[in-house]
Amino acid sequence: MKLTLNVWRQSGPNTPGKMVKYDLPNVNEDMSFLEMLDVLNETLIAKSEEPVTFEHDCREGICGSCGFMINGKAHGGFPKTTVCQLHMRHYKDGDEIFIEPWRATAFPIVKDLMVNRSAFDRIIQAGGFISVPTGSAVDGNAIPIPKSNADRAMDAAQCIGCGACVASCTNASASLFTSAKIAHLNLLPQGQPEKLDRALKMVTVMNEEKFGSCTNLQECEATCPKGISIENIAIMNRHFVEASFMQRPAMSEGGAG
Amino acid sequence: MATAAAPNSKLQQSLALYQSTIGKKYVVAVTGAVLFLFTIGHMLGNLQIYLPNAQEALANYAKLLHASAELLWAVRIALLTCFVLHVVTIAQLYNLNRAARPQSYVMKTPTMSTYASRTMYLSGPILLFFVLYHLSHLTTGATHPSFVEMDPYHNLVTGFRQPMASLFYIIAMSMLGLHLTHGVWSMFQSMGFNHPRYRNGLRNFATAAAAIISLGNISIPVCVLLGILGKDLV
C-alpha cells in the first residue's frame, strides 16, 4: 500500500522542529509500524538524508522504549498496543499518517520522535522501591497476601513506563504512571513499611518535575498499552492525603543494630 | 534535580498538601460537592413555581430563607467561600497544566474522554458569568426590568418573558448539566473513591443528577416563554 507520512523532524533539543512529508510507495501490511519506519529510514539513508530518530528496543511490547503519537493518539490508540506491536494492516492504501513525539515540559525532545523520560526515573528513585534485608530469600508463600490484592498489584506492576499516559493526557499529567508504581507496592505487605513515605515522596517529585494535574478524562487509561486502570490514581490520591495528614518524621537517625 | 524531603511542621504539611496537585484536586472536589448539593436545593426551591398557588408558595419560601439574617449570611458566606476556592484552585491548576504542555500537538484525537469532561474549562467560566448575572438579575434586581422585593413569582415570570434573558438561563443550565455530568463523578475519583462495583452506578448517578437539575431549571423559562406559567400576571 501507498502511505503519506507527516513526521516531526527536530535536529536537537533546542532547535525548532517541523512536520515533514514523506511518501512511502510500498508498505507491506504485515510490517509493524516500526518496521515501516525502518523502511523509511533505509530510503532516507540511500538518499543521504538524516534518518528519523525514534526509540525502540524489544519490539515485543514489554520494554516501554518505543512510543509516539500516531494521528493524535498515543501508540496509535489501539487497545493495549505499543507502536512496535501495531501492524500496518490497521491502515489502508492512500492513508495520510501524522507522527509526533510525546509533548510535555517534563519530557524534553532529544531528537525527532525521541524524548527524554528521565523524569520518570526520578519519580521511581523517590520511592518506587521497597527496603529489604539482604541475605537468603524468604520462603515462597510465607507472607499471606489476599488474591485480589495480588491481582491488583500485578495489574499495576504491568506498567512499562512508556509515557503514553503523559502524552495522551490533556494536562501532560503523570498521574497514571506514578499511581501505578505507588499502588503496585502499597497493595502488598512488602510495601507497607514505606507506604506513606512512598506516596508523599513520589507525588512530590511528580509535581516538582512539572507534570500537570489529573482532570479525570481517562485518556491515559484508554491509550495505556498495558490497560492500567485509573482506579490506581484514586489509590494514590487516598494514600497521598493520608500521608499528608498522618506521616510523622523519624524520631532520630539510624535504627536497631 | 528533584528532592523529596518530608515536611515537618503541621503548617508545612498543610501547605505542602495545598501546593500539591492532588491536594488542590481535593479542594476542588470538596467545594464542588458543596456547590452540587446547593444546586439540588436551589432547583427544588425553584420547582415550587409548579405548585397550585405558586405566587404565595414562593413568597413564603422567600420569607423562610430570610427568616434569620444571620443564618442567611452565614450560608451565603459559606457558599461564596466554596465558590471562590473552587474557581481560584481550578485557575491555579489550569495554569499549571498549560505550563506542563507549552507546545501543543499538530494533531490530537480524543479517545475515551467524554464531551462533558473536555469542556469543563468552557462550562466553568460560562457558569461563573451566569452566577454574576443571576445574582444581579433575581437577587439584587439590578439587571431586572421590573424587580419587586420579596415577590419571586413576579420577578421570575417578568424576568423570563424577556427572550434573551431566558436564552442565557437555558444555555447556562445546559452548561451546568454538562459540568455536573463530569464533575459529580469526578469528585469521587479525585477524593480517592473508585471501586469497580460502584463505577457504573456513580457514572449513572452523576448523569441522572445533572440531567434532573439542568432540565428542572430549564423547564421554568421555557414554560414562561410558552405562556404555561404566569397566566395570572399580565
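Cut-offs applied
Residues numbered from 1 in each chain as written. Chains lettered and ligands numbered in written order. Predicted model: local features only at pLDDT ≥ 70, side-chain atom pairs only at ≥ 80, totals over all residues. Contact = placed C-beta atoms within 7 Å. Helix = DSSP H or I, 4+ residues; strand = E, 2+ residues; numbered from the N terminus. Nonpolar A, V, L, I, M, F, W, Y, C, P; charged D, E, K, R; others polar. pLDDT = per-residue confidence, 0-100. Domains from an automatic or database assignment. Axes fitted to C-alpha atoms, helices over the stretch in contact; angles between N-to-C directions. Parallel < 35°, antiparallel > 145°, perpendicular 65-115°, else oblique. Left-handed = near helix turned anticlockwise from the far one by under 90°. Core = buried A, V, L, I, M, F, W, Y, C linked by C-beta atoms within 7 Å. Buried ≥ 20, exposed ≤ 12 C-beta atoms within 10 Å, placed from the backbone.

As a further point, take the interface of chain B and chain A. Across the boundary between the two partners, chain B contributes 41 residues, which contact 48 residues of chain A. Elements that contribute at least two residues to the side of chain B that touches chain A include exactly α1 (10–19), α2 (21–46), α4 (69–100), α5 (115–118) and α8 (163–190) of chain B. The residue inventory of the side of chain B that touches chain A, partitioned by class, reads 20 nonpolar, 16 polar and five charged.

Reading fine detail from the predicted coordinates is not recommended where pLDDT is low. Of all residues in chain B, 94% have pLDDT values of 70 or greater, and the mean over the chain is 93. As scored by the predictor, the complex reaches a pTM of 0.92 and an ipTM of 0.91.

Here we take up the domain arrangement of chain A. Residues and elements named next belong to chain A. Each assigned domain of chain A is listed with its residue range as follows: domain 1 (3–110) and domain 2 (117–246). The straight-line distance from the C-alpha centre of domain 1 to that of domain 2 is 29 Å. Listed per partner, the contact involves 19 residues of domain 1 and 19 residues of domain 2. Partitioned by chemical class, the residues of the side of domain 1 that touches domain 2 number eight nonpolar, eight polar and three charged.

For any two helices packed against each other, one specifies the inter-axial angle together with the distance between the axes. Residue and element names in this part refer to chain B. In contact at an axis separation of 9 Å, α2 and α8 are set at 130° when each is read in the N-to-C sense. Between α2 and α8, the crossing angle belongs to the class labelled oblique. As α2 runs across α8, the sense of the crossing is left-handed. Judged by residue contacts, K25, Y26, V28, A29, G32, A33, F36 and T39 of α2 engage L176, L180, G183, V184, M187 and S190 from α8. Split into classes, the residues belonging to the contact of α2 with α8 amount to nine nonpolar, four polar and one charged.

With that out of the way, let us pick up the nonpolar core. I99, C165, V166, L176 and A199 of chain A are the most contacted members of the largest nonpolar core, which has 95 residues in total. In terms of residue count, the dominant contributor to this core is α8 of chain B (eleven residues). Of the domains in this structure, domain 1 (3–110) and domain 2 (117–246) of chain A are the two that each give at least three residues to this core. With near-sequence residues (within four places) excluded, C165 of chain A lies in contact with A174, L176, F177, C220 and C224 of chain A. Counting residues in each nonpolar core, the second largest holds nine residues, with L156, V157, F160 and V224 of chain B among its members.

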